[in-house]
Amino acid sequence: QVQLVESGGGLVQAGGSLRLSCAASGRTFSSYAVGWFRQAPGKEREFVAGISWSGGTTYYADSVKGRFTISRDNAKNTVSLQMNSLKPEDTAVYYCAAVRTALGVVVFTRTTRYDYWGQGTQVTVSS
């Protein structure tokens, strides 16, 4: 069992930056692929970024490519999402999710592939 806790959300003006963190506890995090998702009011939860458990593979949604960077520190059991050049359309609740996998280079983009989810952190970008 893995428990995930997100932090770092808040209110920021358009063009600003935020850094989200996902802290894992309960099991060794190094064998888990991790994804960040977001859900805006009235919309479905969507993939934002993902990272393999090795850290060697990352993947981004087109809407955030070049602005967001995902990284992980397996020694600290954390995954971070650096968000730059934020836009009002980035406003959403952001969730991290994890799934244990033997495939060290795989990133999953579908919500159904993930077994563990955090409670979410609100990101609001004002225009």
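Since the structure is predicted, the reported quantities are computational estimates derived from the model, not experimental observations.

**Describing the nonpolar core**
Thought 1: Grouped together as the largest cluster of nonpolar side chains are 39 residues, with contacts concentrated most on Leu4, Trp36, Leu81, Met83 and Tyr94.
Thought 2: Those elements giving two or more residues to this core turn out to be β3 (18–25), β4 (32–39), β5 (46–51), β7 (68–73), β8 (78–83), β9 (92–100) and β11 (121–126).
Thought 3: Sort the elements by how many residues they give to this core and β9 lands first, with six residues.

**Focus on the packing of aromatic side chains**
Thought 1: Here the structure, examined in full by the defined rule, presents eight aromatic pairs.
Thought 2: Between phenylalanine 108 and tyrosine 114, the ring centres sit 6.3 Å apart and the planes meet at 90°, which makes this aromatic pair edge-to-face.
Thought 3: On the basis of relative accessible area, phenylalanine 108 is assigned to the buried category, the value being 9%.
Thought 4: An aromatic cluster of three or more residues is present, and its members are Phe37, Phe47, Tyr59, Phe108, Tyr114 and Trp117.
Thought 5: Cation over ring: arginine 45 sits above tryptophan 117, and NZ or CZ is 4.9 Å from the ring centre.

**Some remarks on the state of the cysteines**
Each disulfide consists of a covalent bond between the sulfur atoms of two cysteine residues.
Thought 1: For the structure on display, the rule yields one disulfide.
Thought 2: Between the sulfur of cysteine 22 and that of cysteine 96 lies a disulfide, 2.1 Å long from S to S. Measuring handedness by torsion sign, the sulfur bridge of cysteine 22 and cysteine 96 sits at about 60° and is right-handed. Linking cysteine 22 in strand β3 with cysteine 96 in strand β9, this pair joins segments that are 74 residues apart in sequence.
Thought 3: For cysteine 22, a relative accessible area of 0% gives the class buried.

**Description of the pattern of salt bridges**
A side chain with one charge can pair with a side chain of the opposite charge if their charged atoms come near.
Thought 1: According to the stated counting rule, one finds four salt bridges in the structure shown.
Thought 2: Across the pair glutamate 46 and arginine 38 runs a salt bridge whose closest N-O atoms are separated by 2.7 Å.
Thought 3: Relative accessible area serves as the criterion here: at 36%, glutamate 46 is assigned to the partly exposed category.
Thought 4: For arginine 38, a relative accessible area of 6% corresponds to the buried category.
Thought 5: Notably, a salt bridge pairs aspartate 90 with arginine 67, separated by 2.7 Å at the nearest N-O pair.

**Points about the sheet that holds β7**
Thought 1: Spatially, the four strands line up as an open sheet ordered β1-β3-β8-β7, and their pairing is antiparallel. Every interior strand has two partners, whereas the edge strands, β1 (3–7) and β7, have only one. Averaged over all pairs of adjacent strands, the angle between their axes in this sheet comes to 15°, without regard to strand direction.
Thought 2: Note: β1 against β3, five bridges, orientation antiparallel. Residue pairing in the sheet places leucine 4 in a bridge with alanine 24 of β3.

Reading the values: rules and limits
Residues numbered from 1 in each chain as written. Predicted model: local features only at pLDDT ≥ 70, side-chain atom pairs only at ≥ 80, totals over all residues. Heavy atoms only, no water. Core = buried A, V, L, I, M, F, W, Y, C linked by side-chain atoms within 4.5 Å. Buried < 20%, exposed > 50% of the residue type's maximum accessible area, 1.4 Å probe, protein only. Helix = DSSP H or I, 4+ residues; strand = E, 2+ residues; numbered from the N terminus. Phe/Tyr/Trp six-rings, centres within 6.5 Å; stacked < 30°, edge-to-face > 60°. Lys NZ or Arg CZ within 6 Å of the ring centre and 35° of its normal. Disulfide = S-S within 2.5 Å. Salt bridge = Lys/Arg side-chain N within 4 Å of Asp/Glu carboxyl O. Pairing = 2+ DSSP bridges. Axes fitted to C-alpha atoms, helices over the stretch in contact; angles between N-to-C directions.

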